[in-house]
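# Structural overview for review
For reference, the chains in residue letters:
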Amino acid sequence: MRQILIFAIAVLMVGGVAARYLDQAALQQPARAAAVHSNADARPVSSSRSLTLMTGQDGHYPVEARIEGRSIDFIVDTGASLVILRESDAARIGIHPMRGDYTATVSTANGKINAARATLDRVEVGGITVENVQALVLPDEALWKNLLGMSFLSRLKRYEVADGRMVLEQ
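Rules behind the numbers
Residues numbered from 1 in each chain as written. Predicted model: local features only at pLDDT ≥ 70, side-chain atom pairs only at ≥ 80, totals over all residues. Heavy atoms only, no water. Helix = DSSP H or I, 4+ residues; strand = E, 2+ residues; numbered from the N terminus. Buried < 20%, exposed > 50% of the residue type's maximum accessible area, 1.4 Å probe, protein only. Areas by Shrake-Rupley, 256 points an atom, 1.4 Å probe, with all protein chains shown as cover. Pairing = 2+ DSSP bridges. Core = buried A, V, L, I, M, F, W, Y, C linked by side-chain atoms within 4.5 Å. Contact = heavy atoms within 4.5 Å. Polar contact = N/O pair within 3.5 Å; in protein donor to acceptor, adjacent residues only side chain to side chain. pLDDT = per-residue confidence, 0-100.

What follows covers the overall build of the chain. Of the regular secondary structure elements, the chain holds 4 helices and 11 strands. Counting the 170 residues in the chain, one finds 44% classified as buried. Element-wise, carbon and sulfur atoms account for 52% of the exposed surface of the chain, whose accessible area totals about 9300 Å².

Moving on to the pairing of strand β2 (residues 50-54). β2 sits mainly inside the fold: 5 of its 5 residues count as buried. By the alternation rule, side chains of β2 split into Ser50, Thr52 and Met54 and Leu51 and Leu53, which are all buried. Of the strand pairs in this sheet, β2 and strand β11 (residues 165-169) are connected by 5 bridges, and their pairing is antiparallel. Its bridge partner lying in β11, Thr52 is registered against Val167.

Of all hydrophobic cores here, the largest spans 31 residues; its most connected members are Phe74, Leu120, Val123, Leu148 and Phe152. Going through the elements one at a time, β2, β3 (62-67), β4 (70-76), β5 (83-86), β7 (111-125), β8 (128-138), α4 (150-153) and β11 are the ones with two or more residues in this core. Aside from chain neighbours lying at most four places away, what touches Phe74 is Tyr61, Pro62, Val63, Ala65, Ile67, Val83, Ile84, Leu85, Lys145, Asn146, Leu147 and Leu148. One finds Ala80, Ile84, Val106 and Ala115 within the second-largest nonpolar core, a separate group that totals 13 residues.

The next subject is the environment of Arg49. Looking at the element boundaries, Arg49 is found in the loop between β1 (45-46) and β2. If near-sequence neighbours (up to four positions away) are discounted, Arg49 is found in contact with Gly127, Ile128, Leu168, Glu169 and Gln170.

This paragraph deals with the pairing of β8. Relative to β8, β5 runs parallel, the two being bridged by 4 bridges. Residue pairing across strands places Ile84 opposite Leu136, the latter belonging to β8. What sits between the antiparallel neighbours β7 and β8 is a turn of 2 residues, in which Gly126 has the positive phi angle 60 degrees.

Our next topic: the side chain of Asn146. Note on placement: Asn146 falls in strand β9 (residues 146-148). We classify Asn146 as buried; its relative accessible area is 1%. Within the local environment of Asn146, its side chain forms a polar contact with the backbone nitrogen of Arg86, the two atoms lying 2.7 Å apart. Once you skip the residues sitting within four places of it in the chain, Asn146 turns out to touch Ile72, Asp73, Phe74, Ile75, Ile84, Leu85, Arg86 and Asp89.

For the chain, the mean per-residue pLDDT works out to 79, and 72% of the residues sit at or above 70. In the predicted structure, residues 1-40 sits below a pLDDT of 50 and forms 47 contacts with residues beyond four places in sequence or in another chain.

Quick look at the structure:
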């Protein structure tokens, strides 16, 4: 029952991701321009158990994560219930779903698409590490960027967004 609930939430959240980002980008255009000029250095600031991310030029919070010893680029997405990986990036970390593994149907802004379930042994972002993270793998054409969703974020002590910054704390 829990897996069905998680899957249903994932379907709803992935479906709204593209539309939400487009709406958010349109609403934040002036704020984003000011943030870009006032925060020329947008590199993450990390302490041992805390990470501060600066908003990118597109209004998203980009972050590099290490999975299976490999660096993968993500956008932090509080609207995605799971970590979502593009198929090519999943392959880089050793996840190779077979055609029959794509049993989860996900609704996106571009329609429904099949996804494969996966569990990531360890996701490291800055000094923050979360183990056994649930994820979905989608075909590359369904997603322009990997999403670091709630299956990672909900396991943190806190995450907070304010003034063009996102703070992750474990």
